[in-house]
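Notes for the structure review
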Amino acid sequence: MAANTTETAAANPSPIRPYLAKVGVFRGLSGRLLLLTVFFVMLAEVLIFVPSVANMRIRWLEDRLNTAAAAGVVVDGLQGVELPRLVQEETLMATGTKAIVLRRKEESRLIAAVDMPPEIDAQYDVAAMTPLVAIRDAFDTLLFGGDKVVRIYGPVGDSDAVIEVVMSDKSLRKAMLVYSRNVFFLSIAISLFTATLIFLAINRLMIVPIRRMTGNMQEFSAEPSDPGRVLEPAPGRDELSIAGQHLAAMQQQLQKTLKQQKNLADLGLAVSKINHDMRNILSSAQLISDRLADVDDPIVKRFAPTLLRTIDRAVGYTTEVLSYGRTTEPEPHRRFLRLRPLVSDVGDMLAIDPNAGIEFHIQIPDDLQVDADSEQLFRVVHNICRNAVQALMNDPADGLPRIISVSAMRTGSVVSISVDDTGPGMAPKARENLFAAFRGSARSGGTGLGLAIARELVLAHGGTIALVEKATPGTLFRIELPDRPVPLDAFRSKARH
């Protein structure tokens, strides 16, 4: 069996395995996570870069003003002295400006000037620059600057003096480009470092467990009946641990279901093998029992009809024994029939040993009729009563009489049938798996098919069957069968007649 399964798996490889084998670094979740982390960190760096480059430009301009202010204050201290041309050029070169002017309330003094441009392209007051204006001016210089002449002015320390310079923005733009390049490479380094750390952490916490569960599901699907392929969930209370625990529980439940299905398949195979021979044997018994009707012995005449009905039912069962487990149950052939004779036949079919001390009571009015399929209803009542007989014989309740009581009553269009016994009652495990084949047996070695079949037949009639709690020892099943709805036209026709 295992060899065949292995050969089948090799001949028909799972479509998941080739897919997993083709998943590259950046096509898997871990690779996508790495790329997304880099992207988001770079996006964060861009948002940081915008105000930082504007702040860098202001700091650069302030440094130029401070340098020019230092030179201007020194020259201003030399009252009445004009700097030689060479000194002015060196001063302007040191400050990177074309002109330096020191202004006070009462006067303005040109400290140095060389090659004054004919016009100024822009002017900036570093002391009155708002954040939005600073950002706008920074990007204007970064994108369109380099060949403009600008005028920059600002206060000299805490004094009332104002220093003013005229300069080209070429060196400013160059400094801003260098700063942007440094920020870019630094952002790349930070992004990769951060993404790597996040990748390693999440890969350890999430991707590895997900891959483990995926691989387990692939292996389990190849051989779901192998208990060794059930996932061993990791301990913990996080989402992945809980998912692994649920997956393991689902796999265990699936294995139980597969085992039950195998039991059903084995049962069907065994029944199909004996079904043909059993029908032949029953047919021969039917022919022989037909001849018993011609015997004049009173005892034979008394039991011959019951024997004939029993054999007829057995022949019918051999043709329908495989009906359990089909997709749809055969529709019941319903008609109104007297319930008491049917239950009496059930008592005869049980063949209770007189020495067993088990009493079979029928508490059903003679005129009570039920709308049902006689053969299917017989099977339902017989299955429940047979379970009661076995319970009373195997484990009788101490000090109580052994009684099986079948009662019925009609309430409107519903007939309620109760099967009560004074046995030990059902075990807790049987109660939990009531009406479940191979799990709901009330006795050791049972299959639980009797109650499962009874439930399906009752449901086919549109009725209900339930285990009823009672104060006294024993088991009580109640079956409720509603009459079929009468078509309105048929009701009117019946009323007219």
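Our subject in this report is the structure included herewith. On a predicted model such as this, the values are computed, not experimentally measured, just so you know.

**Describing the overall build of the protein**
From N to C terminus, the protein includes 13 helices and 12 strands. The buried share of the protein, reckoned over its 497 residues, is 34%. Counting every atom, the protein has about 30200 Å² of accessible surface; 60% of that belongs to carbon and sulfur.

**Quick look at the nonpolar core**
Ranked by internal contacts, the top residues of the largest apolar core, which has 39 residues, are Leu339, Leu377 and Ile417. Mapped by element, the contributors of at least two residues to this core are helix 9 (339-350), strand 8 (369-372), helix 10 (374-394), strand 9 (402-411), strand 10 (414-421), helix 12 (449-460) and strand 12 (476-482). A per-element tally of this core places helix 10 first, with 9 residues. If we skip the residues at most four places from it in the chain, Ile417 touches Leu339, Leu377, Val406, Ser407, Ala408, Phe477, Arg478, Ile479 and Leu481. Formed by 29 residues, the second largest nonpolar core is a distinct cluster that contains Ala69, Leu142, Ile152 and Leu172.

**As for the sheet that holds strand 7 (residues 358-363)**
Strands sit in the order 7-9-10-12-11 across an open sheet of 5 strands; the sheet is mixed. Two strands lie at the open edges of the sheet, namely strand 7 and strand 11 (464-468), each paired on one side alone. For this sheet the average axis-to-axis angle between neighbouring strands, irrespective of direction, equals 15°. Examined bridge by bridge, strand 9 and strand 10 share 8 bridges and lie antiparallel to one another. Looking across to strand 10, one finds that Arg410 is bridged to Val415. Relative to strand 7, helix 9 is tilted by about 170°, and along the sheet it contacts strand 7, strand 9 and strand 10. Helix 10 rests against strand 7, strand 9, strand 10, strand 11 and strand 12 of the sheet, and its axis sits at about 150° to strand 9.

**A look at the packing of aromatic side chains**
One pair of aromatic rings is described through two measures. These are the centre distance and the angle between the planes. Inspection of every chain in the model, using the stated rule, returns 2 aromatic pairs. Ring centres of Phe184 and Phe185 lie 5.5 Å apart, and the angle between their planes is 70°; this geometry places the pair in the edge-to-face category. You can call Phe184 partly exposed: its relative accessible area is 43%. Since its relative accessible area comes to 53%, Phe185 is described here as exposed. Directly above the aromatic system of Tyr124 lies the positively charged group of Arg57, at a separation of 4.5 Å from the ring centroid.

**Considering the environment of Gln245**
Looking at the secondary structure, you find Gln245 in helix 7 (residues 239-292). A residue is classified by how much of its surface remains accessible, and Gln245, at 28% relative accessible area, is partly exposed. Separated by 14 residues in sequence, Gln245 and Leu231 have C-alpha atoms that sit 8.2 Å apart. Filtering out sequence-adjacent residues up to four positions away, Gln245 remains in contact with Pro233, Ala234, Gly236 and Arg237.

**Topic: helix 9**
With 12 residues, helix 9 should reach 16 Å at 1.5 Å per residue; the first-to-last C-alpha distance of 17 Å fits that figure. What helix 9 keeps buried is the set Leu339, Leu342, Val343, Asp345, Val346, Gly347 and Leu350. Taken from the residues just after helix 9, Ala351 is the one with a positive phi, measuring 50°.

**Examining the packing of helix 5 (residues 131-144) against helix 6 (residues 170-222)**
Between helix 5 and helix 6, the least distance of the axes is 9 Å, while the angle of their chain directions is 95°. With respect to helix 6, the axis of helix 5 lies roughly perpendicular. Contacts from Ala138, Thr141, Leu142 and Leu143 in helix 5 reach Leu172, Arg173, Met176, Leu177 and Ser180 in helix 6.

**Some thoughts on the environment of Ile100**
One can find Ile100 in strand 1 (residues 99-103). Taking C-alpha positions, Ile100 is 8.4 Å from Ala69, a pair spaced 31 residues apart along the chain.

**Notes on a nonpolar patch on the surface**
A cluster of nonpolar side chains, contributed by Leu36, Phe39, Phe40, Leu43 and Leu47, occupies part of the molecular surface with about 530 Å² of accessible area. Here Phe40 is to be found in helix 3 (residues 29-76).

**Some points on the side chain of Ser187**
Mapped onto the elements of the fold, Ser187 is located in helix 6. A relative accessible area of 3% places Ser187 in the buried class. A polar atom in the side chain of Ser187 sits 3.2 Å from the side chain of Glu45. Setting aside residues up to four positions removed in sequence, Ser187 forms contacts with Met42 and Glu45.

Conventions we followed
- Residues numbered from 1 in each chain as written.
- Predicted model: local features only at pLDDT ≥ 70, side-chain atom pairs only at ≥ 80, totals over all residues.
- Heavy atoms only, no water.
- Helix = DSSP H or I, 4+ residues; strand = E, 2+ residues; numbered from the N terminus.
- Buried < 20%, exposed > 50% of the residue type's maximum accessible area, 1.4 Å probe, protein only.
- Areas by Shrake-Rupley, 256 points an atom, 1.4 Å probe, with all protein chains shown as cover.
- Core = buried A, V, L, I, M, F, W, Y, C linked by side-chain atoms within 4.5 Å.
- Contact = heavy atoms within 4.5 Å.
- Pairing = 2+ DSSP bridges.
- Axes fitted to C-alpha atoms, helices over the stretch in contact; angles between N-to-C directions.
- Phe/Tyr/Trp six-rings, centres within 6.5 Å; stacked < 30°, edge-to-face > 60°.
- Lys NZ or Arg CZ within 6 Å of the ring centre and 35° of its normal.
- Expected span 1.5 Å × (residues − 1).
- Parallel < 35°, antiparallel > 145°, perpendicular 65-115°, else oblique.
- Patch = residues over 30% accessible without salt bridge, like charges linked within 9 Å, V, L, I, M, F, W, Y side chains within 5 Å.
- Salt bridge = Lys/Arg side-chain N within 4 Å of Asp/Glu carboxyl O.
- Polar contact = N/O pair within 3.5 Å; in protein donor to acceptor, adjacent residues only side chain to side chain.

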